[in-house]
Amino acid sequence: QVQLVESGGGLVQAGGSLRLSCAASGRTFNTYAMGWFRQAPGKEREFVTAISWSGRNTYYSNSVTGRFTISRDNAKNTVYLQMDTLKPEDTAVYYCSADGQLTHVLDGNSSSWGQGTQVTVSS
């Protein structure tokens, strides 16, 4: 239903900031919950954050609460991940996801996934 393309990844020093974007196309974007997951080499994919289709509800993992902010602009079919006070442990490939049910996004069972964008935080 939805195709996703991430962008904005790169190399940043610890304590710095980065903003990721996820551009969506396809049917029913405005009714899709969105989320971000990340995966580092040798580690399992982990939940980062999610947002309801309306943008009224957001969810964050304990590791990023207070540092990361998810938002969406339905008029532009785009979801954003603002990452502040980055730490080396934030280094990972970040994946955007979407699903018609918020619980699917939260559980990592989204029907749509982006290709991923690399985020590297140096110490």
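Residues numbered from 1 in each chain as written. Predicted model: local features only at pLDDT ≥ 70, side-chain atom pairs only at ≥ 80, totals over all residues. Heavy atoms only, no water.

Student: Whenever I open this one, the sheet that holds strand β3 (residues 18–26) confuses me. Can you help?
Tutor: The strands that make up a sheet are held in pairs by hydrogen bonds between backbone atoms, and each pair lies either parallel or antiparallel. Strand order across the open sheet formed by four strands is β1-β3-β8-β7, with antiparallel pairing between neighbours. Looking at which strands have only one partner, the edges of the open sheet turn out to be β1 (2–7) and β7 (68–73). Between one strand axis and the next, the sheet turns through 20° on average, direction left out of account. Alignment of β1 against β3, held across six bridges, turns out to be antiparallel. Counted as the bridge partner of L4 is A24 from β3. (Pairing = 2+ DSSP bridges. Helix = DSSP H or I, 4+ residues; strand = E, 2+ residues; numbered from the N terminus. Axes fitted to C-alpha atoms, helices over the stretch in contact; angles between N-to-C directions.)

Student: Please clarify how the nonpolar core should be interpreted in this entry.
Tutor: In globular proteins that are soluble, nonpolar side chains generally tend to be buried together. Of all hydrophobic cores here, the largest spans 26 residues; its most connected members are W36, M83 and Y94. For this core, the secondary-structure elements that each account for two or more residues are β1, β3, β4 (33–39), β5 (46–51), β7, β8 (78–83), β9 (92–99) and β11 (117–122). Ranked by size, the runner-up nonpolar core spans five residues in total, among them A33, F37, A50 and V105. (Core = buried A, V, L, I, M, F, W, Y, C linked by side-chain atoms within 4.5 Å. Buried < 20%, exposed > 50% of the residue type's maximum accessible area, 1.4 Å probe, protein only.)

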